[in-house]
Amino acid sequence: KNYGSKIKWISEPDNGIYDAMNKGAKLAKSDWLIYRNAGDEFADSTVIETMFAEPIESDISFLCGDCRFVSKYGEIVHTPAILNNNYQGNSMPFLHPSTFIKTECQVEYLYDTSYRSSADFDFFIRCLKNNCKYQYKNIVVANYSYGEGMSVKNWYLVNQENRRVLINNKIAVCSIFFFYYNNIVTFIHNKIKKIVPQKIAHKIIIRNLIREGWKID
């Protein structure tokens, strides 16, 4: 269905979220694209205009900004991990809800649909290994509903696939340790939430979020 000249809605069978995103990228007619998944929204109505207010160099493949994580407890603004001086490629370099991707780059390096949860991580790493460049703007681009997405609810799958991404892309980190450490920490965290009384668990969560820099409601 077409909704005017700028919106086209397509509903058809696919082989998962990344297959659907690949289909969307191939259909895109603009120079840049950005994905909106359930729980994602632009921070305000002027974000796109602000991000593209100045010309973007032709060799830039990613135009990224900050992302506001929002939960029932409060919120925190995160900047892309790639901006950290000690970033080694062992985590998502960009915040997907707040990253504009050049369409030709996305079509050249399509998502690997063998992943169910970590194809975006793999995509970004493959692009960076092939010298794709990025530009950062100090702007909150998106609000992300933290704690509701597939990557949070399917933590074991995510950690398992992240380990495969690290190994397949030959990232120079101890990927085995990374995999088991994350699984153990998440397992303990989930067990504690089930055992500890709800009021105490709530206080522990709030304390940890404040320590991480969250603004608590």
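Preceding this paragraph is the structure being described.
Residues numbered from 1 in each chain as written. Predicted model: local features only at pLDDT ≥ 70, side-chain atom pairs only at ≥ 80, totals over all residues. Heavy atoms only, no water.

1. Quick notes on the pattern of salt bridges
Turning to step 1, where the next piece is worked out: All told, the structure shown has four salt bridges when counted by the stated rule.
Turning to step 2, where the next piece is worked out: With a closest N to O distance of 3.1 Å, Glu 12 and Lys 23 form a salt bridge. With Glu 12 in the loop between strand 2 (7–8) and helix 1 (17–27) and Lys 23 in helix 1, this pair connects stretches of sequence that are 11 residues apart.
Turning to step 3, where the next piece is worked out: Classification of Lys 23 as partly exposed rests on a relative accessible area of 28%.
Turning to step 4, where the next piece is worked out: A salt bridge links Lys 133 to Asp 59, with the shortest nitrogen-to-oxygen separation between them at 3.0 Å. Here the residue Lys 133 occupies a position in strand 8 (residues 133–145), and Asp 59 occupies one in the loop between helix 2 (47–51) and strand 5 (60–70), the gap between them amounting to 74 residues.
Turning to step 5, where the next piece is worked out: On the accessibility criterion, Lys 133 (44% relative accessible area) is partly exposed.
Turning to step 6, where the next piece is worked out: The class of Asp 59 is partly exposed, set by a relative accessible area of 38%. (Salt bridge = Lys/Arg side-chain N within 4 Å of Asp/Glu carboxyl O. Helix = DSSP H or I, 4+ residues; strand = E, 2+ residues; numbered from the N terminus. Buried < 20%, exposed > 50% of the residue type's maximum accessible area, 1.4 Å probe, protein only.)

2. Structural notes on the nonpolar core
Looking at soluble globular proteins, one finds that nonpolar side chains tend to be buried together.
Turning to step 1, where the next piece is worked out: Formed by 26 residues in total, the largest nonpolar core has its most connected members in Tyr 35, Phe 62, Ile 101, Cys 105, Tyr 111, Phe 123 and Cys 127.
Turning to step 2, where the next piece is worked out: At six residues, the largest contribution of residues to this core is made by helix 4 (residues 119–129).
Turning to step 3, where the next piece is worked out: Judged by nonpolar contacts, the second largest core, of 14 residues, contains Trp 32, Met 51, Leu 63 and Cys 67. (Core = buried A, V, L, I, M, F, W, Y, C linked by side-chain atoms within 4.5 Å.)

3. With respect to the pairing of strand 8
Turning to step 1, where the next piece is worked out: Note that strand 4 (residues 40–42) and strand 8 share three bridges and pair antiparallel. Bridge assignment links Asp 40 to a residue of strand 8, and that residue is Tyr 144.
Turning to step 2, where the next piece is worked out: The pairing of strand 5 with strand 8 spans nine bridges and is parallel. In the strand pairing of strand 8, Ile 60 is matched with Lys 133. (Pairing = 2+ DSSP bridges.)

4. Examining the pairing of strand 6 (residues 74–78)
Turning to step 1, where the next piece is worked out: Relative to strand 6, strand 5 runs antiparallel, the two being bridged by four bridges. Residue pairing in the sheet places Cys 67 in a bridge with His 78 of strand 6.
Turning to step 2, where the next piece is worked out: If you look at the hairpin formed by strand 5 and strand 6, you'll find three residues sitting between the two strands.
Turning to step 3, where the next piece is worked out: Direction of pairing for strand 6 relative to strand 9 (residues 215–216): antiparallel, over a ladder of two bridges. Directly across from Gly 74, in strand 9, lies its bridge partner Ile 216.

Any functional reading would require information that these geometric values do not contain.
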